[in-house]
Amino acid sequence: MTAELTERTYALSHLDALESEAVHIFREVAGEFERPVILFSGGKDSIVMLHLALKAFAPAAIPFSLLHVDTGHNFPEVIDYRDRTVDKHGLRLHVASVQDYIDRGVLRERPDGTRNPLQTVPLTEKIQDEKFDAVFGGGRRDEEKARAKERVFSLRDEFSQWDPRRQRPELWQLYNGRHAPGEHVRVFPLSNWTELDVWQYIAREDIELPQIYFAHQREVFRRAGMWLTAGDWGGPKDGENVEKRLIRYRTVGDMSCTGAVDSDATTLDAVIAEIAASRLTERGATRADDKLSEAAMEDRKREGYF
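Procedures and definitions
- Counting restarts for each chain, with residues numbered from 1 along the sequence as it is written.
- Local features in this predicted model are restricted to residues of pLDDT 70 or higher, and side-chain atom pairs are both shown and tallied only at a pLDDT of 80 or more, whereas totals for entire chains, interfaces and linings draw on every residue.
- For side-chain calculations, the full set of non-hydrogen atoms in the structure is used, while hydrogens and water are omitted.
- Numbering of helices and strands runs from the N terminus; a helix is a DSSP stretch of H or I covering at least four residues, while a strand is a stretch of E covering at least two.
- Here the expected length of a helix is defined as 1.5 Å per residue gap, with one fewer gap than residues.
- Only protein chains enter the accessibility calculation, which uses a 1.4 Å probe; a residue is then buried when its area is under 20% of its type maximum, exposed when over 50%, and partly exposed in between.
- The definition of a nonpolar core used throughout is a set of buried Ala, Val, Leu, Ile, Met, Phe, Trp, Tyr and Cys residues joined through side-chain atoms within 4.5 Å.
- Patch definition: residues above 30% relative accessible area lacking any salt bridge, with like charges linked at up to 9 Å and the nonpolar side chains Val, Leu, Ile, Met, Phe, Trp and Tyr linked at up to 5 Å.
- Using the Shrake-Rupley algorithm and a 1.4 Å probe, accessible areas are obtained, with residue cover drawn only from the displayed protein chains.
- Within this document, salt bridges are pairs made up of a side-chain nitrogen of Lys or Arg and a carboxyl oxygen of Asp or Glu, the two lying within 4 Å of each other.
- The rule for pairing is simple: two strands pair if DSSP sees at least two bridges between them.
- The criterion for an aromatic pair is that two Phe, Tyr or Trp rings (for Trp, the six-membered ring) have centres within 6.5 Å, with stacked assigned to planes under 30 degrees apart, edge-to-face to planes over 60 apart and tilted to the rest.
- Axis angles are defined between N-to-C directions and span 0 to 180 degrees, where every axis is a line fitted to C-alpha atoms and, for a helix, only to the segment in contact.
- Only heavy atoms enter the contact rule, under which two residues are in contact if any of them lie within 4.5 Å.
- Counted as a polar contact is a pair of N or O atoms within 3.5 Å, where, for protein atoms, one must be capable of donating a hydrogen and the other of accepting one, and residues adjacent in sequence contribute only when both atoms are in side chains.

Describe helix α3 (residues 44-57), and please don't skip the residues or the numbers.
Along an α-helix, residues three or four apart share an orientation, since each turn contains 3.6 residues. The terminal C-alpha atoms of α3, which comprises 14 residues, lie 20 Å apart, in line with the 20 Å expected from a rise of 1.5 Å per residue. For α3, the buried fraction is high: twelve of the 14 residues fall into the buried class. For α3, every residue scored as buried is listed here: Lys44, Asp45, Ser46, Ile47, Val48, Met49, Leu50, His51, Leu52, Ala53, Ala56 and Phe57.

Residue-level account of the nonpolar core, with values.
Core analysis: the largest hydrophobic core is formed by 60 residues, its most contacted members being Phe26, Ile38, Val48, Phe136, Phe153 and Trp199. When residues of this core are assigned to their parent elements, the largest contribution, eight residues, is made by α3. Counting residues in each nonpolar core, the second largest holds 14 residues, with Val69, Ile102, Leu107 and Val135 among its members.

Could you give an account of a nonpolar patch on the surface, with specific residues and numbers?
Where nonpolar side chains cluster on the molecular surface, the patch consists of Leu171, Trp172 and Leu174 and spans about 420 Å² of accessible area. Within the secondary structure, Trp172 is located in the loop between β5 (153-156) and β6 (184-187). Overall, Trp172 belongs to the exposed group, its relative accessible area being 74%.

Report on the pairing of β6, specifying residues and quantitative values.
For a regular strand, side-chain orientation follows a simple rule: the groups alternate between the two sheet faces. Of the two faces of β6, the one holding His184 and Arg186 and the one holding Val185 and Val187 are both buried throughout. By the bridge criterion, three bridges tie strand β4 (residues 134-136) to β6 in an arrangement that is parallel. By the bridge assignment for β6, Val135 is matched with Arg186. In the sheet, β5 pairs with β6 via four bridges, with the strands oriented antiparallel. In the sheet register, Ser154 faces β6, and the bridge partner there is Arg186.

Which residues make up the packing of aromatic side chains, and what values go with them?
Summed over the entire model, instances satisfying the criterion amount to ten aromatic pairs. Taken together, a centroid distance of 5.0 Å and an interplanar angle of 20° make the contact between Phe153 and Tyr175 stacked. Remark: Tyr175 occurs in the loop between β5 and β6 and Phe153 occurs in strand β5; sequence separation between them is 22 residues. Assigned by exposure class, Phe153 and Tyr175 land together as buried.

Which residues make up the sheet that holds β6, and what values go with them?
With respect to topology, six strands assemble into an open sheet ordered β3-β2-β1-β4-β6-β5, the strand pairing being mixed. Looking at strand neighbours, the two that pair on one side only are β3 (93-97) and β5, the edges of this open sheet. Ignoring which end each strand starts from, the neighbouring axes of this sheet average 30° apart. Lying on the sheet, helix α6 (residues 120-130) is in contact with β1 (36-39), β2 (65-70), β3, β4 and β6; it crosses β3 at an angle near 135°.

Tell me about the environment of Ser154, and please be specific about residues and values.
Relative to the elements of secondary structure, Ser154 occurs in strand β5. Taking the C-alpha atoms as reference points, Ser154 and Arg186, 32 residues apart in sequence, are found 5.0 Å from one another. Sequence-distant contacts of Ser154, defined by excluding residues within four places in its chain, comprise Trp162, Gln167, His184, Val185, Arg186 and Phe188. A polar atom in the side chain of Ser154 sits 2.5 Å from the side chain of Glu150. A polar contact is formed between the side chain of Ser154 and the side chain of Arg156, at a distance of 2.7 Å.

Residue-level account of the side chain of Gln167, with values.
Mapped onto the fold, Gln167 is located in the loop between β5 and β6. A distance of 2.9 Å separates a polar side-chain atom of Gln167 from the backbone nitrogen of Arg151. With near-sequence residues (within four places) excluded, Gln167 lies in contact with Lys149, Glu150, Arg151, Ser154 and Trp162.

What follows is the structure in structure tokens.
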């Protein structure tokens, strides 16, 4: 009876187990790599990832800097949150700007105005220039089928390219970070989390988010079945009418390809209830860049994207 009571008393909740796994991953990378960096955009997954990193090394400062690939078409609310967070925790932020590459003629604007596919070159060059050997990303296996193939430690070659055939076994939470000079490892501490887990953890930890994630009135227009925000990136076109709607964002990225969903969820509890009832993944419902082809994400990952 006593043994049963003890077992129940010390059993971890599913959120505790996920947190413990992520903290272990952060500490493993800190001990195994020389120059890690955390991808931080101000989106909810990167916010949770940073929160976990802060927990992993408290009361010391986290031994990593942050990296953001700025498309120039990001939501202003999210960029403002990113900068406030960096200042609050005294962190160092590296920014790789897509606009800089366009201005130099290295990249060319796409006809559809979206810059998400243009992030790969600035990202990979920044990794090479700064000699980052481990790069934390907020990707989760439930988001998209290509991301479901990833290991927690995902090896990239000297060109930052991903080869699914070079995936390594990860039994019993044993991670292999071995890599040759010029190669690096992408690390995904949230691999085993779901969108619902992320939101439940945000609620439990009382983590601040950009208000774009909660229902608000916004001017949007309809394109390819999604509500998009008007902006300098090229929307709306003729025949696309702007209207004010009560919406929120499930995921945030480039304004040109990140759609909003109709929602009246203004609180964490309401958002959690909405997600629990949804049968569409956040990327499947709101990311136009994943609909370019059946293998859009996998093609980008092979080229160096996250």
